Amino acid sequence: MKKMACARVQESDGSFFESFTALAWRQENRRRRAASEAEKDAEKPPPSENQAGARPKRHKLTKKEFELLYIEVLYTIKHKIGTTTGTHTPYIQDLYQYAQYAFGVSPEDHARLLAKATEEKPPIVILNLTVVEAKGLEAKDADGFSDPYCMMGIMPGRSADQDATGFFSSDDDSIKSKDKDRIGLRKFSSSLKKKKDKAQAVRDLVPAKLIRTTSVKTNTLNPVWNEKFRFDLDDVKTDRLHLDIWDHDEEFSVVDAAKKLNEVSGIKGLGRFFKQVAQSARTKDDSNVDDFLGCVNIPFSDIPSVGYDKWFPLEGRSARSNIQGEIHLKCDLATREDRGIPEDDNWTDILQHEDLMRIMIEHEIRNAKGASYLWNGELPQAAKTILHQHAIQGDITEVQRAMCRWMAYSRKHTEHALDYEVLLMHLIDLDRIWKPGTSSREEEECLAESFNIFIEYSLNLLKRHRDIFPPSNKTAFQRLEGMLRCLTTIYNMKVFKKSCPFIKDLHPEITHVIKKGTLEWYERQATTCRSLAKREDDNLQSLLDLTNTLNTEIYMALHYFDKVFQEYVNVDYFHIVYRHLDKVLGDELHQDLKTILRNAGCNKEIQLSEIDENTAVGTSLFELYLAIQEFTKYSSHLTPKDRQGLNISQYFEWFRSAVSRWLCIARQKSLKRIKKAVELDKVAQMDMSVKYSTSAVDVCCCFVQITDFWKQLSWPDYVGAFPFVNKLTEDICKGAELYADLVHEKLIKAGYYDEEGQFDVTEQLCITINNIEQVRRALKPLPDTLNFSEIKKAIEMSNGEHKQEGQSLNNLIKKADDIMVKKITQVVDRVADKMRPDIKKDVFHLNWAPESVPADDAIGDLLEYLDTNLLTLNNNLLKTNFDRILESIWVEVMEEFQEVMEKEEVRPPVFYQRMFDALGVLVDFFHASGKGLSMDEIITDQFQSLRERLSLHKMDTPTLIETFFNSKCQDQTQLENSEFGILNVRVCYRMDAHTLLVEVLSAKDIIPLDANGLSDPFVLVQLVPEHVFPSIQVQTTKVVKKTLNPLFEETFEFTINPIQCQRHGATLLFTVMDHDLVFQNDFAGEAYLSMAEIPGVDGLEVSGYEALSIVSLPLMHPKHKDHAALEILGRRTWDKDAQDFVKKRNKVHDQAASSIP
């Protein structure tokens, strides 16, 4: 029922407020839908890059070129060189089969083309050797070093039955038996001996096919040469490399012999000159022969296809030789063909290598499972083997191979989107091994072309990066990062800077692409939104859709794209995109928004008198406001300098008239809703836990919705916001006052204020009080909710028209709060007033109950009545309201107690003792152990006065008289003026003699009581009260004639015990009189001195009486009913002692009154 009532209230104005507060929810739901769609797209395949990117002209082989390339591949496989490593395929047939599959060649064409490859002349196998360095050589010279050099050559293979002397048949000197003729030859060949038999020695004297030497490195045991050599091989299966290291003594013999080696032709001549080289390494003195440092033998059949790059331990002439050290060699096998072109010109092989690689990549992509970007770029072993053999047989360097890999993969990337990590790997590899001077002009031009193609392709993708690399697609966004990393790597590569020296920097290129792509994207989005605006009314929706789309884009720009572009290419993506979109969107809004506002009637201020049932303002307009606001909030991420000159920064000014119109309509709608809420209020159907009804809920919700709408607007200009906030606050306060009046009026109509009939605390009464309080509480958050402090601060800092009005906002709320509290108090006090008769009756019974009835029993009826009604109130009232009504009832109870004491006949003290005890019981009842009224609320001035009166009433007459004198002593000490003069005395008590000594010294400025303007003063000294000092006579000083400053100097003694002196109220009373012979003596004044303050009464010994200080007592006159005790004594008509005491005091009062003119 509660929900039905609320729904009916909302329906009364078409859910006006709900529709506007839902704008924020609508925005949030839009974001959530977008996030949900993004989650769905996260695992989808990324958008196609090849359709969006600029596709370069595809290089396609002709049929003839294709067959020639295939023949080249078959030729390469057939003449495979080097041993196979673990990453390559050793089986020739597997290589043929892979080539056939990769090229897509039929078996017939394969057989035909293989035959052609077989007919080709076999290539010449060559050895590329680099002597890098040696270390740890033996020191042969006296200075502890050596002068090492290397002598190397190709040792041809021989059959076992070959005659060792056959090689030297035309050289008679080569087989002389004298040892001294063979020493030089033995320098190279003797290191090959393993046995010393003569036949073996003769075979070892066979000369090398070609002998080369390195330069001599003087005075070192760790020589570094880095010298390159190239040898042609006859039989790679049997030939081997032999290298000696010698310590040189005469450089001339080595250099001269090395120069003549290139003049040798034929084996005979080679043997002769080898012998010459060997002999030249010594002098006439055998002791000067170059010292042997070690040798290395490398069979070519052991060299892998990837070559050697390692350290080889040096060997000796025999097992007994003591050789140390090792040498670092690089050697690999290659081939060359007799094509009539220079050996170092392998450009054709490089182009073929790239074409071959592209064909293999294409084959692997076609056969890969899944999309091309999922392929890891790894070629199978057979492909790697073919490419490797083609590279080494074509003498293609590592740099050229890396170049071919990049060109092949990057070109294929424009046809099939590859993994950017693969491309990045090849770029890094190329940059790592490329050194200046390692590539030819043709190679650099080819590389430059590939770089430019990839850059142009990538920039075209970046132009449409929102569509191709959406952040919602995880894979696509990772690809964007990969592409930017590739671009950054390219621009940082040495080879790129060398081959493309005039290309623009990456940063301006990407900045230009982002700007252009952003404008093109905006035009596409704007065109799409405009196409949906079929009617003029749809222009607003078109702008709204466009702005929401831009907000989504800006969010992506800030949280995704900007981080990537900043990290990889150092481009401030967000700044570029935001400023461009701000400009184009601002132009769009300036153009269309004025028309939209005019059509909506929001282009001018509206007056309250112009509002009727048909006046309205659409939610779409404010939804557009919030969308624009969301867009402008992103500008906070710009630098202060960049925020200057933005196109939409003052967007809120466009909506000023619309907001004013909404507030006027909202005022009328809210007042109407408040009346409807009171009309449809359903108290009876409320849950027991709820302490207010539907009307309060509806009104509070209405206020919250109004403030929520204003908070959504988040008006940036605080000074400009003041008129709106002032009007909004005033409207809410008026609504709250209206509600309080309506529910109060409803309570009046229900007979709440009727005097007739029995009064009961009802649930409706409690709900009414709670409703007003609940709505009142709704006003409390307004200063914070509406930013009063910020608005006030802004107004104070400005010089505008509202500078003096900053305080008015809080005043509006205070005024409304006072009105509502007054209304609540009016209802609450009425509850207490209605309960007053019953409270009066129960207090009366308490007072007149028999003397034997204790307080707890006598007050039982009152407590039961209060408990019954307060229980209902507590169950139905809010704590604040319950405390209010509890406080009001407490006041009523105290007033009844007060009235009983003042108006009822005075009873004996025992009855007042019971009332005093009952008052204590009521304190506990109303405090309720902290759950009721606080003690500060209970112990009021009224309560203090009541308790004091009861305290006096419950005293017996003697105690009451003592209390009277005690109070007079207190009055004496508090008296400051001396209008009636001063009496000077000196007093002490001698404990040993139980004697009170009183010395009346003098008086000053006593009032004149005779016709001559003077007086004839004397002093009466009396101990009071009389019942404490029954046998003590009043003492009198002498009369001093005609003076206002008499000097007495008389001493009196009173014999009294210490107990009497210490009695409560024991007082020394001095009365100054004017002596008159004819008429009655006149009263001049009196003074009181508490005996408890007299020196010696406390038991301490008093010495030096003359040294005691003089006590100056201002004289005073009694006042009418100057103490409650005297009044109470006067009302005890049944007590003779009380009446006698009052008569005496009244006489003093009369005398004092007659003495004052």
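If you're wondering where the values come from, they're calculated on a predicted model, not measured in any experiment. (Residues numbered from 1 in each chain as written. Predicted model: local features only at pLDDT ≥ 70, side-chain atom pairs only at ≥ 80, totals over all residues. Heavy atoms only, no water.)

Turning our eyes to something else, we now look at the overall build of the protein chain. Within the protein chain, the secondary structure is distributed over 39 helices and 16 strands. Looking at the protein chain as a whole, 50% of its 1157 residues are labelled buried. Only carbon and sulfur atoms are counted for the fraction: they give 49% of the accessible area of the protein chain, which is about 55700 Å². (Helix = DSSP H or I, 4+ residues; strand = E, 2+ residues; numbered from the N terminus. Buried < 20%, exposed > 50% of the residue type's maximum accessible area, 1.4 Å probe, protein only. Areas by Shrake-Rupley, 256 points an atom, 1.4 Å probe, with all protein chains shown as cover.)

Another aspect to go through is a nonpolar patch on the surface. The grouping of Leu1077, Val1078 and Phe1079 at the surface amounts to a nonpolar patch, some 410 Å² of accessible area in total. Tracing the backbone shows Leu1077 in the loop between strand 14 (1067-1074) and strand 15 (1082-1090). Taking relative accessible area as the criterion, Leu1077 reaches 74% and is therefore assigned exposed. (Patch = residues over 30% accessible without salt bridge, like charges linked within 9 Å, V, L, I, M, F, W, Y side chains within 5 Å. Salt bridge = Lys/Arg side-chain N within 4 Å of Asp/Glu carboxyl O.)

Let us look at the packing of helix 26 (residues 763-779) against helix 31 (residues 860-876). Where helix 26 meets helix 31, the axes come as close as 9 Å, and the angle between the chain directions of the two elements is 45°. The angle between the axes of helix 26 and helix 31 places the two elements in the oblique class. With respect to the hand of their crossing, helix 26 and helix 31 are arranged in right-handed fashion. Here helix 26 contributes Glu763, Cys766 and Asn770 to the contact with helix 31, which in turn contributes Thr872, Leu873 and Asn876. Here the contact of helix 26 with helix 31 is built from residues that sort into two nonpolar, three polar and one charged. (Axes fitted to C-alpha atoms, helices over the stretch in contact; angles between N-to-C directions. Parallel < 35°, antiparallel > 145°, perpendicular 65-115°, else oblique. Left-handed = near helix turned anticlockwise from the far one by under 90°. Contact = heavy atoms within 4.5 Å. Nonpolar A, V, L, I, M, F, W, Y, C, P; charged D, E, K, R; others polar.)

Attention shifts here to unusual backbone geometry. A cis geometry characterises the amide bond from Val1024 onward to Pro1025, with omega recorded as -5°. Its identity as a non-glycine residue notwithstanding, Asn787 has a phi of 60°, on the positive side. Checked against the element boundaries, Asn787 lands in the loop between helix 27 (782-785) and helix 28 (788-797). Despite not being glycine, Asp1005 shows a phi value in the positive range, around 55°. Along the chain, Asp1005 turns up in the loop between strand 10 (995-1004) and strand 11 (1017-1024). Taking relative accessible area as the criterion, Asp1005 reaches 45% and is therefore assigned partly exposed.

Here the distance between the centres and the angle between the planes together describe a pair of aromatic rings. Scanning all chains against the criterion turns up 34 aromatic pairs. On the basis of an interplanar angle of 55° and a centroid distance of 4.9 Å, the ring pair of Tyr491 and Phe496 is categorised as tilted. Residues Tyr651 and Phe652 carry aromatic rings whose centres are separated by 5.6 Å and whose planes lie at 85° to one another, so their mutual orientation is edge-to-face. Pair check on accessibility: Tyr651 and Phe652 agree, each one buried. An aromatic cluster is defined as three or more aromatic residues linked by ring pairs; in this entry it consists of Tyr625, Tyr651, Phe652, Phe655, Trp710, Trp715 and Phe724. A cation over a ring is seen here: Arg466 above Trp521, with NZ or CZ 5.1 Å from the ring centre. Sitting over the face of the ring of Phe911, Arg907 holds its NZ or CZ atom 3.9 Å from the ring centroid. (Phe/Tyr/Trp six-rings, centres within 6.5 Å; stacked < 30°, edge-to-face > 60°. Lys NZ or Arg CZ within 6 Å of the ring centre and 35° of its normal.)

Looking now at the pattern of salt bridges. For the coordinates displayed, the defined rule picks out 53 salt bridges. Residues Arg667 and Asp731 are paired through a salt bridge, measuring 2.5 Å at the closest nitrogen-oxygen approach. Here Arg667, found in helix 23 (residues 656-679), pairs with Asp731, found in helix 25 (residues 718-749); they are 64 residues apart in sequence, far enough to count as distant. Residue Asp731 is classed as buried on the basis of its relative accessible area, which comes to 9%. Of the charged contacts in the structure, one is a salt bridge between Arg836 and Glu895, with a shortest N-O distance of 2.8 Å. Taken together, the residues span a long stretch of sequence, with Arg836 in helix 29 (residues 808-848) and Glu895 in helix 32 (residues 879-903) at a distance of 59 residues.

Attention shifts here to the sheet that holds strand 13 (residues 1047-1055). If you trace the four strands from one edge of the open sheet to the other, you get 13-10-9-16, paired in antiparallel fashion. With one partner strand each, in any of the chains shown, strand 13 and strand 16 (1111-1114) form the two edges of the open sheet. Between one strand and the next, the sheet's axes are offset by a mean angle of 25°, whatever the strand orientation. Here strand 10 runs beside strand 13; their pairing, made up of seven bridges, is antiparallel. Each bridged residue has a counterpart across the sheet, and for Thr995 the counterpart in strand 13 is Thr1055. (Pairing = 2+ DSSP bridges.)

With that settled, consider helix 12 (residues 398-413). The end-to-end C-alpha separation of helix 12 is 22 Å, in line with the 22 Å expected for 16 residues at 1.5 Å each. Most of helix 12 is tucked away, with 14 of its 16 residues classed as buried. (Expected span 1.5 Å × (residues − 1).)

Here we come to the pairing of strand 8 (residues 326-336). Two strands pair when backbone bridges link them, and strand 1 (residues 124-135) and strand 8 are joined in this way by eleven bridges, in the antiparallel orientation. For Glu133, the partnering residue across the bridge sits in strand 8 and is His328. Examined bridge by bridge, strand 7 (residues 308-313) and strand 8 share six bridges and lie antiparallel to one another. Opposite Trp311, over in strand 8, you have His328 as the bridge partner.

What follows deals with the confidence of the model for the protein chain. Confidence along the protein chain averages 82 in pLDDT terms, with 83% of residues attaining 70 or more. Here residues 159-208 is modelled with pLDDT under 50, and outside its nearest four sequence neighbours on either side it reaches 86 contacts, counting other chains as well. Confidence drops under a pLDDT of 50 for residues 264-287, and excluding neighbours within four residues, the segment shows 49 contacts in the predicted structure. (pLDDT = per-residue confidence, 0-100.)

What follows covers the pairing of strand 11. Most of strand 11 is tucked away: six of the eight residues are buried. Two elements, strand 11 and strand 14, share eight bridges in a ladder whose sense is antiparallel. Bridge assignment links Val1024 to a residue of strand 14, and that residue is Thr1067. Strand direction decides the pairing type here: strand 11 and strand 12 (residues 1035-1036), joined by two bridges, are antiparallel. Residue pairing in the sheet places Val1021 in a bridge with Gln1035 of strand 12.

Another point: the packing of helix 24 (residues 694-713) against helix 25. For the pair helix 24 and helix 25, the least separation of the axes is 11 Å and the interaxial angle reads 180°. On the basis of their axis angle, the class for helix 24 and helix 25 is roughly antiparallel. Together, Ser695, Ala696, Val699, Phe703, Ile706, Thr707 and Trp710 of helix 24 and Ala721, Phe724, Val725, Leu728, Ile732, Gly735, Ala736 and Tyr739 of helix 25 make up the contact between the two elements. Residues of the contact of helix 24 with helix 25, tallied by class, amount to twelve nonpolar, three polar and no charged.

On to the environment of Ala1066, then. Relative to the assigned elements, Ala1066 resides in the loop between helix 37 (1058-1061) and strand 14. We classify Ala1066 as buried; its relative accessible area is 3%.

Here helix 4 (residues 92-103) contains twelve residues, and its C-alpha end-to-end distance of 17 Å stays within 8% of the 16 Å for a straight helix at 1.5 Å per residue. Restricting attention to buried positions, one finds in helix 4 the residues Leu95, Tyr96, Tyr98, Ala99, Gln100, Ala102 and Phe103. Next to the buried residues of helix 4 lie helix 3 (63-78), helix 5 (107-119), helix 10 (347-367) and helix 11 (381-393).

In a beta sheet, neighbouring strands pair by backbone hydrogen bonds and run either parallel or antiparallel. Sheet architecture is open: four strands sit in the order 3-2-5-6, paired in antiparallel fashion. The sheet terminates laterally at strand 3 (211-213) and strand 6 (291-299), the two strands that pair on one side only. This sheet shows a mean twist of 20° between the axes of neighbouring strands, independent of strand direction. In this structure, strand 2 (residues 148-155) lies alongside strand 3, joined through three bridges in antiparallel fashion. Bridging from a neighbouring strand, Gly153 pairs with Ile211 of strand 3.

Note that His242 resides in strand 5 (residues 240-247). Of note is the side chain of His242, whose polar atom sits 2.5 Å from the side chain of Asn297. (Polar contact = N/O pair within 3.5 Å; in protein donor to acceptor, adjacent residues only side chain to side chain.)

What follows concerns the environment of Ala383. Summarising the element assignment, Ala383 is placed in helix 11. Residues Ala383 and Asp94, 289 residues apart in the sequence, show an inter-C-alpha distance of 10.0 Å. In contact with Ala383, other than residues within four places in its own chain, are Tyr98 and Met360.

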